Amino acid sequence: MTTASLWAPLRTLRARALQLSLLCLASLAPGWAAAQGGAVAVQWLGQSAMKITSPGGKVIVIDPWLTSNPKTPAEFKKLEALGKVDLILLTHAHFDHIADAPALSAMNKAPVYAPAGLADSFATLGVMPVEMAPRFNKGGVVFPLGPEAGIKIIATHAEHSSEFRWKNPETGKDEMRQGGEPMGYIVELENGFRIYHMGDTGIFGDMKLIGELYKPDLILIPIGSHFVMPPADAAYATRELLKPKFAIPMHYGANALLRGTPKEYTDALGQSATKVLVLEPGAIARF
Ligand SMILES: [Zn+2]
C-alpha cells in the first residue's frame, strides 16, 4: 500500500468525523448560533440551494430549487419548512436554480436579486411583481436589507450561460427568454464573514482576483462536471486561486450527468489549508 493510498482513507475518516461533529452541533444545539451571538449557519438543501442564517438572524436563500429537487430532503420540499426568509439570490436563469424563487418570495415578501436580464423577464412576463425583482449586475455592490443591516452582496463573474425557459400560458409551449448573465455572489455578513457562492461555473483565471479582493472565508463550490467544473478543476481553483478557510462542495449527484464526487474533489485537493465540509442534504455547518 502506498503512502497516498494510506492517506486517502484517513482523510475520508477525518472528513466524516468533522461532518459528524457539525451534524451533532446542529442537531443537539439548535439555539447555539443565537447564544454565541457570532455564528453563521449554512444549510445545504441539494444542488446549489443554500440557506444562510446570519449572526443577526437574517435568512438568505440562494438558488432555491426544492419542491422537485431529488436531493432535497422530504421535509424541505414544503417551502414553509424554511421558516422566515429575508432575501433570495439567484445566480442564473436555469430551472434547477430558480424554480421555487417566485413562490418563496411571495410567501415571505422577500426580494429576489437576480441578473438584470432575468429580473427584467420576471417583471415583463408577469412571473413576479417588478418591485420584488430588483435589477443589478456583475461588479455591483448592494445592501438589499438596508445599509444598517450590515449585509453586503457583490455579484461576480461566472463562466456559464443563463437561458430562461418560460412556458407561455397562452400557447402552453416553452419559449426561450432573456436570462441575463450568470453570476456568483460574495455574501458578506454582519460580522465580516464572507461566503462565495460560485453559482454554476467552469474554472476561470479571475477566480484569483476574486480570491485576492474578497478573501472568502467559505466557498460553496460546484464539482459535478458536465455543466460545471469537474472535481480536479474545482480543487485547483480552491488551492491555487481562492485559498478559502472552508469549502462546501455542491451541484453534484442531482442527475446522472453530474458525476463528480466530493471524494474526487478532496483527493484532488490533497493536503490543503482549506477544510472541506462534505454535507448531506439538509445538514447545517456553523462557523
Ligand atoms: Zn446552470
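Residues numbered from 1 in each chain as written. Predicted model: local features only at pLDDT ≥ 70, side-chain atom pairs only at ≥ 80, totals over all residues.

### Section: the nonpolar core
Formed by 72 residues in total, the largest nonpolar core has its most connected members in Ile88, Leu220 and Ile248. Ignoring anything within four residues of it in the chain, the contact list for Ile88 reads Val61, Pro64, Ala101, Leu104, Ser105, Ala110 and Val112. (Core = buried A, V, L, I, M, F, W, Y, C linked by C-beta atoms within 7 Å. Buried ≥ 20, exposed ≤ 12 C-beta atoms within 10 Å, placed from the backbone. Contact = placed C-beta atoms within 7 Å.)

### Overview of the pairing of strand β5 (residues 112-115)
Each regular strand carries side chains that alternate between the two faces of the sheet. Across 2 bridges, the pairing between strand β4 (residues 87-89) and β5 is parallel. Following the sheet pairing, Ile88 is matched in β5 by Val112. As defined by bridge partners, β5 adjoins strand β6 (residues 135-136) across 2 bridges and the pair is classed as parallel. Among the inter-strand pairings, Ala114 is bridged to a residue of β6, identified as Arg135. In this region the chain leaves β5, passes through helix α5 (residues 116-124) and returns to the parallel neighbour β6; the handedness of that crossover is right-handed. (Pairing = 2+ DSSP bridges. Helix = DSSP H or I, 4+ residues; strand = E, 2+ residues; numbered from the N terminus. Right-handed = clockwise from strand over helix to strand, strands pointing away.)

### Considering the environment of Val278
Mapped onto the elements of the fold, Val278 is located in the loop between β15 (275-276) and β16 (284-286). Separated by 29 residues in the primary sequence, Val278 and Pro249 place their C-alpha atoms 6.5 Å from one another.

### With respect to the packing of helix α6 (residues 207-214) against helix α7 (residues 231-242)
Here α6 crosses α7 at 50°, and the two axes come no closer than 8 Å. Classified by the angle between their axes, α6 and α7 sit oblique to one another. The chirality of how α6 crosses α7 is right-handed. Across the interface between the two elements, Met207, Lys208, Ile210 and Gly211 from α6 touch Ala237, Leu241 and Leu242 from α7. Looking at the contact of α6 with α7, its residues break down into 5 nonpolar, 1 polar and 1 charged. (Axes fitted to C-alpha atoms, helices over the stretch in contact; angles between N-to-C directions. Parallel < 35°, antiparallel > 145°, perpendicular 65-115°, else oblique. Left-handed = near helix turned anticlockwise from the far one by under 90°. Nonpolar A, V, L, I, M, F, W, Y, C, P; charged D, E, K, R; others polar.)

### Some thoughts on the sheet that holds strand β8 (residues 152-157)
Strand order across the open sheet formed by 7 strands is β7-β8-β11-β12-β13-β14-β15, with mixed pairing between neighbours. Since the sheet does not close on itself, it has two edges, and those belong to β7 (141-142) and β15, each with one partner. For strand β13 (residues 218-222) and strand β14 (residues 246-250), the ladder comprises 5 bridges, and the chain directions are parallel. The residue of β14 that forms the bridge with Leu218 is Phe246. Strands in contact with α7 are β13 and β14; relative to β13, the strand with the most contacts, it is inclined by about 150°.

### Notes on the sheet that holds β5
Here 7 strands make up an open sheet; going across it, the order is β6-β5-β4-β3-β2-β1-β16 and the pairing mixed. Both edges of this open sheet fall to β6 and β16, since each of them pairs with a single strand only. Two elements, strand β3 (residues 59-62) and β4, share 3 bridges in a ladder whose sense is parallel. Bridge pairing in β4 places Ile62 opposite Leu89. Set on the sheet, helix α4 (residues 101-108) makes contact with β3, β4 and β5; between it and β4 the angle comes to about 165°.

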